[in-house]
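Analysis of the macromolecular model
For reference, the chains in residue letters:
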Number of protein chains: 2
Amino acid sequence: MTGPDPERLDMIALACLVEPGTPGIVELVAEQGAGVVLAQVRAQRRASRVVGRLDPEQVPGMLAEMARRGVRVVVPGEAEFPSQLLDLPEPPLALWVRGPLDLRAAALRSVAVVGARACTAYGERATVAVAGGLAADGWAVVSGGAFGIDAAAHRAALAIGGPTIAVLACGVDVAYPRAHDALLARIGDSGLVVSELPPGSHPLKHRFLARNRVIAALSRGTVVVEAARRSGAVSTASRALELGRVVMAVPGPVTSMASSGTNRLLHEQMARAVSDSDEVVSLLTGCDVSLGVPGAAAGHGGTGPEDLDALSAEARAVLAALPSRGASSVEAVAGRAAVTPAACLAHLGLLEIRGLVRRAGSGWRRCA
Amino acid sequence: MTGPDPERLDMIALACLVEPGTPGIVELVAEQGAGVVLAQVRAQRRASRVVGRLDPEQVPGMLAEMARRGVRVVVPGEAEFPSQLLDLPEPPLALWVRGPLDLRAAALRSVAVVGARACTAYGERATVAVAGGLAADGWAVVSGGAFGIDAAAHRAALAIGGPTIAVLACGVDVAYPRAHDALLARIGDSGLVVSELPPGSHPLKHRFLARNRVIAALSRGTVVVEAARRSGAVSTASRALELGRVVMAVPGPVTSMASSGTNRLLHEQMARAVSDSDEVVSLLTGCDVSLGVPGAAAGHGGTGPEDLDALSAEARAVLAALPSRGASSVEAVAGRAAVTPAACLAHLGLLEIRGLVRRAGSGWRRCA
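**With respect to the overall build of chain A**
Helix and strand counts for chain A stand at 15 helices and 11 strands. Here chain A holds 368 residues, and 52% of them are scored as buried. For chain A, restricting intrachain contacts to residue pairs at least 6 apart in sequence, the fraction spanning at least 24 positions comes to 69%.

Written as structure tokens, this is what we have:
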């Protein structure tokens, strides 16, 4: 990931020039290489939505400065880049990341919890219950770092020492909203602060919509807690639905404007109703943790048990090495499957996304 | 319907002997005649759940006494008997009815609004909004006459002079709950009080479940406003779902026990979320009254537009005589279709059930 890789530098330089949400750039890079695309963009022949922010010559200096401040960059194809972001028609060209977690690993088992800035006490209470329960169960809580539901979701995860990821609509070095300076610092200390915008970028209006698509694509499901009918949270839910992610909404009083968007998502069957974190987990894993009966299988791609043939031989060996009752440690499963613990964990993460396995305490087991 | 019809008297006598919910009796009557089945039941050779309540010899006297008190009896096959009750595996053998409406006609355009006896102020408010809106739109509000949500639903309909139907788990002459004596009298004055139990029957525990199946089958859809997870209202919803009726639930705070059953129905996708009467009507008719786009077509049998061939020539003429925008009066439609106004109204009711037409103001129009 370090070292002078010219293709990587060109990709980051491109990410500093092209506005997030511009479609087709990643395919173009795959076809022609980042250097060619960068030259085209610089010549203004491509990408009408180009905004000048940082010249390519400045990129190495920026990277060095960011590294000093604890910020790294990951680009598509690198180990820490979450491959599910490539489900987007306009995936990020690069992600600036601050924090001690591995982004790809944390995102594999993550849920977005989003909602209104102007939330009610009810919405805040429901957020703390849902996000706190998810974080206690080891799920990373993804949100946007905004006032209201977003902040309640991050804080609930932090409060129990659980993982949380803030995806910003500005540079990771920009404190927005300013009042969340300390909150974002805490998230960066124990979780992750992420942005596809280069450092110094301001939170322009259209960047919130672009950011919402990253939240939707990064996480395995999105829970909307309180939202008005036309709101950022509803747009995140729509993007998540387009991407085949699990979309959930917390029901609220039909007399409350703050719940009008969530209740509408439920009425339109765009979201499943969830009342607590157990219901969220049951929808995400296909294991009904509260009742012990299988729920709806879900996840990236929504692979069902009938697709076992699609698994690699090694993945099938890991699956076969898991108990269907109780739980086994990663080391024990790795031993039985004759794979390294690191490979075993990677397979487990992918099998979990397919709804085939789940964490149980500190170990793993097969889903029914 | 009047006059000494021995088969009819035998059927009513049977209804006075057999406990509601006993399966197979209506089929048996169709095969062997009510007289034979009655003799078998009296000889205790059939129907283990028989309870002695009224000897057949007493039936003519009871009918005369009930007629003096404004109570009529309708049996399957008669004009006022709602044929959708025959969707039940154990349809009522007879219905005792008090009130000025025609039961079959009112039930054709009816919605059950049910819920917890121990409701909250929120539940009562939501009930008044939903049931009041439905009644204002000409829908008969069906409920069970109980405390809480049921009473709020009936009262909301009465308050705007709309139709409402109370289906009791006791005889129509028994005031239960006693505190609803005046409410049931008001419903009988302008709507309908209905029971499959003969006069004088007490509200025994199992009769509430049997009554719930009648509410579910009678109405085109069931809205549950507030309910605990294991409750009569949830059982009504389950029966309605089995019968292919539209099942709806009003979302409520996930922090409220009174909404735990409704939110669970939503989570399990057993019910569609509804926030107001417009959303209810859109699900029942397939016409989205709030947005003007087609929703889910629904109704008894769930006939879609592709089944136009199944309509009689006269029904098709009525349909063709309707405007797709604006509205026409029954008389105007009858004139264009060359049918009597009474026949026209009957066809309109049946077409409405199929989701093909809907009321618009004081007239009618075709659905999109």
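This is not the end of the story, as more comes after the structure.
**Re the relation of the copies chain A and chain B**
Overlaying chain A with chain B gives an RMSD of 0.3 Å, the required rotation being 180 degrees about an axis along which the chain moves by 0.0 Å. Given the turn and translation reported, the copies of this chain are related as if by a two-fold rotation axis. A shared interface surface links the copies, since 100% of the contact residues of chain A are contact residues in chain B too.

**Concerning unusual backbone geometry**
With an omega of -10 degrees, the peptide bond running from Tyr176(A) to Pro177(A) counts as cis. Relative to the helices and strands, Pro177(A) resides in the loop between β5 (164-167) and α8 (181-190). Positive phi is not limited to glycine here, since Ala338(A) has a value of about 60 degrees. Phi at Gln269(B) is positive, roughly 60 degrees, even though this residue is not glycine. As for its placement among the helices and strands, Gln269(B) is situated in the loop between α11 (260-267) and β9 (272-273). Overall, the presence of 12 C-beta atoms within 10 Å leaves Gln269(B) in the exposed class.

**Quick notes on the environment of Leu243(A)**
Looking at where Leu243(A) falls in the secondary structure, it is placed in the loop between α10 (232-242) and β8 (246-249). Apart from the residues lying within four places of it in its own chain, the contact partners of Leu243(A) are Asp87(A), Ala216(A) and Ala217(A).

**Some points on the interface of chain A and chain B**
At the junction of the two partners, chain A supplies 18 residues and chain B supplies 18 residues. Every element with two or more residues in the side of chain A that touches chain B is listed here: α6 (121-136), α11 (260-267) and β9 (272-273) of chain A. In terms of residue class, the side of chain A that touches chain B is made up of nine nonpolar, five polar and four charged.

**Concerning the sheet that holds strand β8 (residues 246-249) of chain B**
Residues and elements named next belong to chain B. Pairing in this open sheet of nine strands is mixed, and the strands run β1-β2-β6-β5-β4-β3-β7-β8-β9 from one edge to the other. The two strands at the open ends of the sheet, each matched to only one other strand, are β1 (71-74) and β9. With four bridges joining them, strand β7 (residues 221-224) and β8 adopt parallel strand pairing. Each residue of the ladder has a partner; that of Val224, found in β8, is Ala249. Here helix α6 (residues 121-136) sits on the sheet in contact with β3 (110-114), β4 (140-143), β5 (164-167) and β7, set at roughly 170 degrees to β3. Taken strand by strand, α11 contacts β7, β8 and β9, and its axis lies near 130 degrees from that of β8.

**Brief notes about the sheet that holds strand β6 (residues 192-195) of chain A**
Residues and elements named next belong to chain A. Taken in spatial order, the nine strands line up as β1-β2-β6-β5-β4-β3-β7-β8-β9 in an open sheet, and their pairing is mixed. In this open sheet, the two strands that pair with only one neighbour each are β1 (71-74) and β9. Both β8 and β9 contribute to a ladder of two bridges, which runs parallel. By the bridge assignment, Met248 is partnered in β9 with Arg272. Packed on one face of the sheet, α10 meets β3 (110-114), β7 (221-224) and β8 and runs near 155 degrees to β7.

**Some thoughts on the pairing of β8(B)**
Residue and element names in this part refer to chain B. Residue alternation in β8 divides its side chains into two sets, Val246 and Met248 and Val247 and Ala249, and both sets are buried. Regarding topology, helix α10 (residues 232-242) serves as the crossover connection from β7 to the parallel β8, and that connection is right-handed. Between the parallel elements β8 and β9, the chain passes through α11 in a crossover that is right-handed.

**Some words on the pairing of strand β11 (residues 363-366) of chain B**
All names here are of chain B. The alternating pattern of β11 places Trp364 and Arg366 on a buried face, while none of Gly363 and Arg365, on the opposite face, is buried. In this structure, strand β10 (residues 357-360) lies alongside β11, joined through four bridges in antiparallel fashion. Among the inter-strand pairings, Ala360 is bridged to a residue of β11, identified as Gly363. Between β10 and β11, which follow one another and run antiparallel, lie two residues, and Gly361 among them has a positive phi close to 60 degrees.

**Comments concerning the confidence of the model for chain A**
Residues and elements named next belong to chain A. Taken residue by residue, chain A gives an average pLDDT of 87. The fraction at 70 or more is 89%. Residue range residues 45-50 is modelled with pLDDT below 50. Its contacts to residues more than four positions away, or to other chains, number 15 contacts. Every residue in residues 290-306 scores below 50 in pLDDT, and together they form 35 contacts with partners more than four places removed in sequence or on other chains. Confidence metrics for the complex model read pTM 0.76 and ipTM 0.72.

**Thoughts on the packing of helix α7 (residues 149-159) of chain B against helix α8 (residues 181-190) of chain B**
Describing two packed helices takes the angle between their axes plus the distance from one axis to the other. Residues and elements named next belong to chain B. One way to put it is that α7 packs onto α8 with a least axis distance of 11 Å and a crossing angle of 45 degrees. With respect to their mutual orientation, α7 and α8 come out oblique. Relative to α8, the crossing made by α7 is left-handed. Between α7 and α8, the residues in contact are Ala151, His154 and Leu158 and Leu183, Arg186, Ile187 and Ser190, respectively. A class-by-class count of the residues in the contact of α7 with α8 yields four nonpolar, two polar and one charged.

**Considerations on the environment of Leu168(B)**
All names here are of chain B. Mapped onto the elements, Leu168 comes out in the loop between β5 and α8. Overall, the presence of 27 C-beta atoms within 10 Å leaves Leu168 in the buried class. As a C-alpha pair, Leu168 and Ser275 span 107 residues in sequence and 27 Å in three-dimensional space.

**Examining helix α3 (residues 34-42) of chain A**
Residues and elements named next belong to chain A. Buried within α3 we find Ala34, Val37, Leu38 and Val41. In an axial view of α3, the angular spread of the buried residues amounts to 100 degrees, which keeps them on one side of the axis. Buried residues in α3 make contact with α1 (6-15) and α2 (25-32).

**Points about the environment of Val234(A)**
Residues and elements named next belong to chain A. Looking at where Val234 falls in the secondary structure, it is placed in helix α10. The spatial distance from the C-alpha of Val234 to the C-alpha of Val254 is 17 Å, given a sequence separation of 20 residues. The residues touching Val234, leaving out its near neighbours within four places in the chain, are Val224, Ala227, Arg229, Gly261 and Leu265.

**Considerations on the packing of helix α2 (residues 25-32) of chain B against helix α3 (residues 34-42) of chain B**
Residues and elements named next belong to chain B. It is the contact of α2 with α3, at a shortest axis distance of 7 Å, that shows an interaxial angle of 125 degrees. When the axes of α2 and α3 are compared, the pair comes out oblique. The segment α2 lies against α3, with Ile25, Leu28, Val29 and Gln32 engaging Ala34, Val36 and Val37.

Rules used throughout
- Residues numbered from 1 in each chain as written.
- Chains lettered and ligands numbered in written order.
- Predicted model: local features only at pLDDT ≥ 70, side-chain atom pairs only at ≥ 80, totals over all residues.
- Helix = DSSP H or I, 4+ residues; strand = E, 2+ residues; numbered from the N terminus.
- Buried ≥ 20, exposed ≤ 12 C-beta atoms within 10 Å, placed from the backbone.
- Contact = placed C-beta atoms within 7 Å.
- Least-squares fit on C-alpha atoms with pLDDT ≥ 70 in both.
- Nonpolar A, V, L, I, M, F, W, Y, C, P; charged D, E, K, R; others polar.
- Pairing = 2+ DSSP bridges.
- Axes fitted to C-alpha atoms, helices over the stretch in contact; angles between N-to-C directions.
- Right-handed = clockwise from strand over helix to strand, strands pointing away.
- pLDDT = per-residue confidence, 0-100.
- Parallel < 35°, antiparallel > 145°, perpendicular 65-115°, else oblique.
- Left-handed = near helix turned anticlockwise from the far one by under 90°.
- Arc of directions from axis to C-beta.

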